[in-house]
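Structure at a glance
Each chain, letter by letter, is given below.
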Amino acid sequence: MRFRTVKGTHDILPEEALRWRHVEEEIRRILELSGFAEIRTPILEQLELIARGVGQTTDIVTKEMFALERGEDRLVLRPEMTAPVMRAYLQHGLYTQGAVMKLYYIGPMFRAERPQRGRLRQFHQYGAEILGSSDPLADAEAIALQMGILEHFGLRQLRLRINSLGDATCRPRYREALQAYFRPLAERLSPSSRERLEKNPLRILDSKDPQDQELLAGAPRITDFLTEACREHFEQVKTYLEELGIPYEEDPFLVRGLDYYMHTAFEITSPLLGAQDALGGGGRYDGLAEELGGRPTPGVGFAGGLERLLIALETAGYRFPEPARPDLYIAALGPEARRWAFVHANRWRRRFSLQVEYDLAGRSLRSQLREADRIRARFVLILGEEELSRGRAPLKALDSGEQTLLSLDALPDTLIARIRRAESERSPTPSS
Ligand code: AMP
């Protein structure tokens, strides 16, 4: 076969899809418990929105966009969701629906990065945005929510790093101080950091290059440049985290190199992941709405990677739910019995919500029974032409091997009663 998935993308096969669904459902439940409502925006956005929203000098925009042209339109497969969510909020005037809007999303994102474990070109994020509040409580809420999701799945040893990026007053001063520090050292910087020195010096702080790291040790720290108000905001976020007992580390070099990212930035990593160890991150982006030409709207949010969350859970030995067991497999032999199976499977699924399966390929009784075993059906009804004409057929419970001869007319009632009984034996009523 000559066709394969495109580089950096992957199929989610049925067994894996069950895990995905479980994780997504849990995330939805947790976010909705905190009052977040789902938003779904198109995968295609205008390139200009992303260029402004993510930042002209970022790797995402300069190197990693899946861009396409169609007539006059310059489009892009969205690489992240904060800009699209803000666009939707402004476009539909969602600010009229209440002072603070809490939105969440789950879906595919696209970045043309070099693929490796935990880094794909089409990957999936869950995330949330709190729009309309500049209160440090909202920053703490976003961090607590993200930590809460990861802890809900039993992940431990999470490392939460936080920093403050200041605001439009402190940032330019810090930027200048950074440039003043690095300019005399420019020769010793890595080529990419040298390039960033004039355009976006904060991003040098992100560099993984060992030589850059060495120079970084002596670099000025943003925390020494914060205005009183910015420092106060940061202190409050930290106090709130302490109130919830969420451990954090301050990392003065954690940045999001965009002008309208302000105050809080955070990232959560896990030792269960390899080189790509960030499970998620986020921050406050009070300047974004205006950058997009909208009314000033403070916002704070986070995004987490679903592929990485699944890798971490699998490594941690998380117990995912088993696939649902079919209630009944009708092993039918001969044209009349097969027709009966077809009619009754359809009727009982519809009428009683029973999960009923039967053979669609005309296979032997032996392979039908093997199939019933493979899909872990609870009961098998063995039905030939003779059983059909007598109106009675053997029903076998696959777990116990117990077999009873049953009237076909009474079958759904008997089956439902036995399934209920088995279920109540499995989950005794909780003591109060
Ligand atoms: P970011 O929007 O870059 O802050 O990403 C937020 C989270 O999304 C990261 O912490 C990762 O968990 C995940 N993520 C980002 N880029 C990728 C990628 N290329 N492949 C898989 N997951 C990613």
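Since the structure is predicted, the reported quantities are computational estimates derived from the model, not experimental observations. (Residues numbered from 1 in each chain as written. Predicted model: local features only at pLDDT ≥ 70, side-chain atom pairs only at ≥ 80, totals over all residues. Heavy atoms only, no water.)

This part takes up helix α6 (residues 170-182). Taking 1.5 Å of rise per residue, the 13 residues of α6 would be expected to cover 18 Å, and the 18 Å separating its terminal C-alpha atoms lies within 8% of that figure. Within the sequence span of α6, burial applies to C170, R171, Y174, A177, L178, Q179 and F182. As for α6, its buried residues are in contact with α7 (191-199), α8 (210-216), α9 (228-243) and β9 (262-269). (Helix = DSSP H or I, 4+ residues; strand = E, 2+ residues; numbered from the N terminus. Expected span 1.5 Å × (residues − 1). Buried < 20%, exposed > 50% of the residue type's maximum accessible area, 1.4 Å probe, protein only. Contact = heavy atoms within 4.5 Å.)

By the assigned domains, the protein splits into domain 1 (14-169 + 227-315) and domain 2 (328-426). Computed from C-alpha atoms alone, the centre-to-centre distance between domain 1 and domain 2 is 49 Å. (Domains from an automatic or database assignment.)

In terms of nonpolar packing, the biggest core is built from 45 residues, with M86, L131, Y174 and F182 touching the most fellow members. Of all the elements in the fold, those that place two or more residues in this core are α4 (82-91), β5 (101-110), β6 (122-131), α6, α8 and α10 (288-291). Excluding its chain neighbours within four sequence positions, the residues that come into contact with Y174 are L202, L205, P220, R221, I222, F225 and F253. Counting 41 residues, the second-largest nonpolar core is a separate cluster that includes A138, L145, L150 and F320. (Core = buried A, V, L, I, M, F, W, Y, C linked by side-chain atoms within 4.5 Å.)

This brings us to the sheet that holds β5. Taken in spatial order, the eight strands line up as β1-β5-β6-β11-β10-β9-β7-β8 in an open sheet, and their pairing is mixed. Across the chains shown, the open sheet's two edge strands, defined by having one partner strand only, are β1 (37-38) and β8 (249-250). Here β1 runs beside β5; their pairing, made up of two bridges, is parallel. Within β5, the residue paired with E38 across the bridge is Y104. Along the sheet face, helix α5 (residues 136-152) touches β6, β7 (159-164), β9, β10 (278-284) and β11 (299-305) and points at about 15° away from the line of β11. Those strands touched by helix α11 (residues 306-315) are β5, β6, β10 and β11, and its axis lies near 105° from that of β6. (Pairing = 2+ DSSP bridges. Axes fitted to C-alpha atoms, helices over the stretch in contact; angles between N-to-C directions.)

What follows is about the sheet that holds strand β12 (residues 328-332). Spatially, the five strands line up as an open sheet ordered β13-β12-β14-β15-β16, and their pairing is mixed. Looking at the sheet topology across the chains shown, the edges are occupied by β13 (356-358) and β16 (403-407). Ignoring strand direction, the axes of neighbouring strands in this sheet form an average angle of 25°. Summarising the sheet, β12 and strand β14 (residues 379-383) pair through five bridges and their orientation is parallel. Its bridge partner being in β14, A332 is matched across the sheet by L383. Here helix α13 (residues 365-374) sits on the sheet and contacts β12 and β14; the angle it forms with β12, its principal contact strand, is near 175°.

Here we come to the packing of aromatic side chains. Overall, the coordinates contain eight aromatic pairs when judged by the stated rule. Between W340 and W348 the ring centres are 5.8 Å apart and the planes differ by 85°, which places this aromatic pair in the edge-to-face class. Exposure class is identical for W340 and W348. Each is buried. Positioned above the aromatic ring of F234, the side-chain terminus of K238 is 4.4 Å from the ring centre. When the ring centre of Y95 is taken as origin, the NZ or CZ atom of R295, which lies over that ring, is 4.0 Å away. (Phe/Tyr/Trp six-rings, centres within 6.5 Å; stacked < 30°, edge-to-face > 60°. Lys NZ or Arg CZ within 6 Å of the ring centre and 35° of its normal.)

Here the focus is the pattern of salt bridges. Following the criterion strictly, the structure yields 26 salt bridges and no others. In this structure, the salt-bridge partner of E198 is R183, at a minimum N-O distance of 3.0 Å. Here R183 lies in the loop between α6 and α7 and E198 lies in helix α7, a separation of 15 residues in the sequence. Between E402 and R418 there is a salt bridge whose closest N-O contact spans 3.9 Å. Taken together, the residues span a long stretch of sequence, with E402 in the loop between β15 (392-397) and β16 and R418 in helix α15 (residues 411-426) at a distance of 16 residues. Judged by its relative accessible area of 44%, E402 falls in the partly exposed class. With relative accessibility at 14%, the residue R418 sits in the buried group. Overlapping salt bridges bring together D59, K63, R196 and R203 as one network. (Salt bridge = Lys/Arg side-chain N within 4 Å of Asp/Glu carboxyl O.)

This part takes up unusual backbone geometry. Located in the positive-phi region is Q157, a residue other than glycine, with phi close to 55°. Here Q157 lies in the loop between α5 and β7. Backbone geometry at R376 places phi at a positive 55°, although glycine is not the residue there. Summarising the element assignment, R376 is placed in the loop between α13 and β14.

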